Amino acid sequence: MDYIKSNNGFDELNRYVLSIRNLISATAASVLVMQNDHIVNEFYAGNHDKSPNSRSIDAKSQFNVASIRKTYLGFAISLALYEGKIRSINDYVTEYLEDLDENVLNNTTIRHLLTHTHGLEGPNKRLFPPGTDWKYNNAGINLLIRIIYKVFDMSLAQVLEERIFKPLGFKETGWRKEKNDKLVWLYEDYIGDQGGEANLFVSTRELAYWGQIHLTKGKYKGQQIIPSSIFEQSVSIVTPSRLDETYPRNGFFWWVQDKPRHLSELGNEVPKGSYQSLGFYGNAVLVIPEYNIVAVRMLNQIEPNPTEYDYLKDIQSFGNLVLESFLSQ
């Protein structure tokens, strides 16, 4: 049975996400929209998987957010900069990791890793000189996770648990390697739960709260619990300025809107200053500061995209519909 807490202004948005769930053969979907720190739309539909008697999706269901985990890594890098553990995003990666091939990593900076402009296909192969092009992959992610461990002397998961999850009271966010009935499990095996793999599971509400703490720049229940500059830095564009105009602009892994761009995941109606992250299974968190909006959708796609599905058009449409839902009221 579907659960909806909403007003009619969000019916089209909820139906849209449900239609995408059906198109990509997912079993689960949820939508949550906040404005001015209040939930104004909350929608859950489907089941955790295709098995008989599978658990219904609800507020306790935790989805694998896949690449959205990069924004949590981005926070940790911003925290390391704030605390002086990393001097600058213009520092060379080889200044922090000593076992790298300098012939491959030469002139590659932390900025390049954060913005997918590093040009690496792996630690030993380069596709293009750093800062000259853009290619989305995990080569930079793995290096940054190692840097976090080096400068904090603890894992990414430990840093986040200590510095932000506990202060915010997050209990439905974390790296999981063992299946339980609250996880929307995707038939995968994971070795660890310390932040080194793509197994970050988050409930719909806590992903929205993750967007909200960025929107409020570290304020929680009226108190500044985390320095605002950490969040301001995370969502500011740091992409090398000479990058081709067609490519998206990134903050610390957030896609940031400066103007509509053909290859951006942000819809062309979403205003300047908005930022978003999208995960492989269809999950997304969108923040629109101009209207104090945070929007989340969750899906559990595991099958290949059908030929009629355009993921870029889909996620752009989602953002546009979120905004339209407010402007039409």
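Computed from a prediction, not measured in an experiment: that's the story for all the values here.

> Where do I start with the overall build of the protein in this structure?
Helices and strands together make up the secondary structure of the protein, namely nine helices and 16 strands. For the protein, whose C-alpha radius of gyration is 19 Å, the value lies close to the compact-globule estimate of 20 Å for 329 residues. Over its C-alpha atoms, taken along the principal directions, the protein stretches across nearly 55 × 50 × 40 Å. Per-residue burial over the protein gives 56% buried out of 329 residues. Intrachain contacts of the protein at a sequence separation of at least 6 include 57% that bridge at least 24 residues. Accessible surface computed for the protein: about 14400 Å², of which carbon and sulfur atoms make up 47%. For the protein, the distance from the average site of its 34 positive side-chain charges to the average site of its 39 negative ones is 3 Å.

> Before we go on, may I ask you to explain the pattern of salt bridges in this structure?
Close approach of charged atoms allows side chains of opposite charge to pair. Summed over the entire model, instances satisfying the criterion amount to 17 salt bridges. With its nearest N and O atoms 3.4 Å apart, the salt bridge here joins E245 to R261. Linking E245 in the loop between α8 (228-234) and β12 (249-250) with R261 in the loop between β13 (255-256) and β14 (275-278), this pair joins segments that are 16 residues apart in sequence. Residue E245 is classed as partly exposed on the basis of its relative accessible area of 44%. A cluster of three or more residues bridged by salt bridges with shared partners is formed by E245, R249, D258, K259 and R261.

> Looking at this structure, how should I read helix α7 (residues 204-215)?
With twelve residues, α7 should reach 16 Å at 1.5 Å per residue; the first-to-last C-alpha distance of 17 Å fits that figure. Judged by how many residues are buried, α7 sits mostly within the fold: ten of twelve residues are covered. Buried residues of α7: T204, E206, L207, A208, W210, G211, Q212, I213, H214 and L215, and no others.

> Hey, could you run me through the environment of W134 in this one?
Here W134 shows up in the loop between β6 (125-126) and α5 (139-152). Classification of W134 as buried rests on a relative accessible area of 14%. Along the backbone, W134 and H118 are 16 residues apart, and their C-alpha atoms lie at a distance of 7.6 Å. Sequence-distant contacts of W134, defined by excluding residues within four places in its chain, comprise T115, H116, T117, F128, L243, Y247, P248, N250 and W255. A distance of 3.3 Å separates a polar side-chain atom of W134 from the backbone oxygen of T115. For W134, the side chain forms a polar contact with the side chain of N250, separated by 3.2 Å.

What counts, and at which threshold
Residues numbered from 1 in each chain as written. Predicted model: local features only at pLDDT ≥ 70, side-chain atom pairs only at ≥ 80, totals over all residues. Heavy atoms only, no water. Helix = DSSP H or I, 4+ residues; strand = E, 2+ residues; numbered from the N terminus. Rg over C-alpha atoms; globule rule 2.2 N^0.38 Å. Buried < 20%, exposed > 50% of the residue type's maximum accessible area, 1.4 Å probe, protein only. Contact = heavy atoms within 4.5 Å. Areas by Shrake-Rupley, 256 points an atom, 1.4 Å probe, with all protein chains shown as cover. Lys, Arg positive; Asp, Glu negative; His and termini not counted. Charge placed at Lys NZ, Arg CZ, Asp CG, Glu CD. Salt bridge = Lys/Arg side-chain N within 4 Å of Asp/Glu carboxyl O. Expected span 1.5 Å × (residues − 1). Polar contact = N/O pair within 3.5 Å; in protein donor to acceptor, adjacent residues only side chain to side chain.

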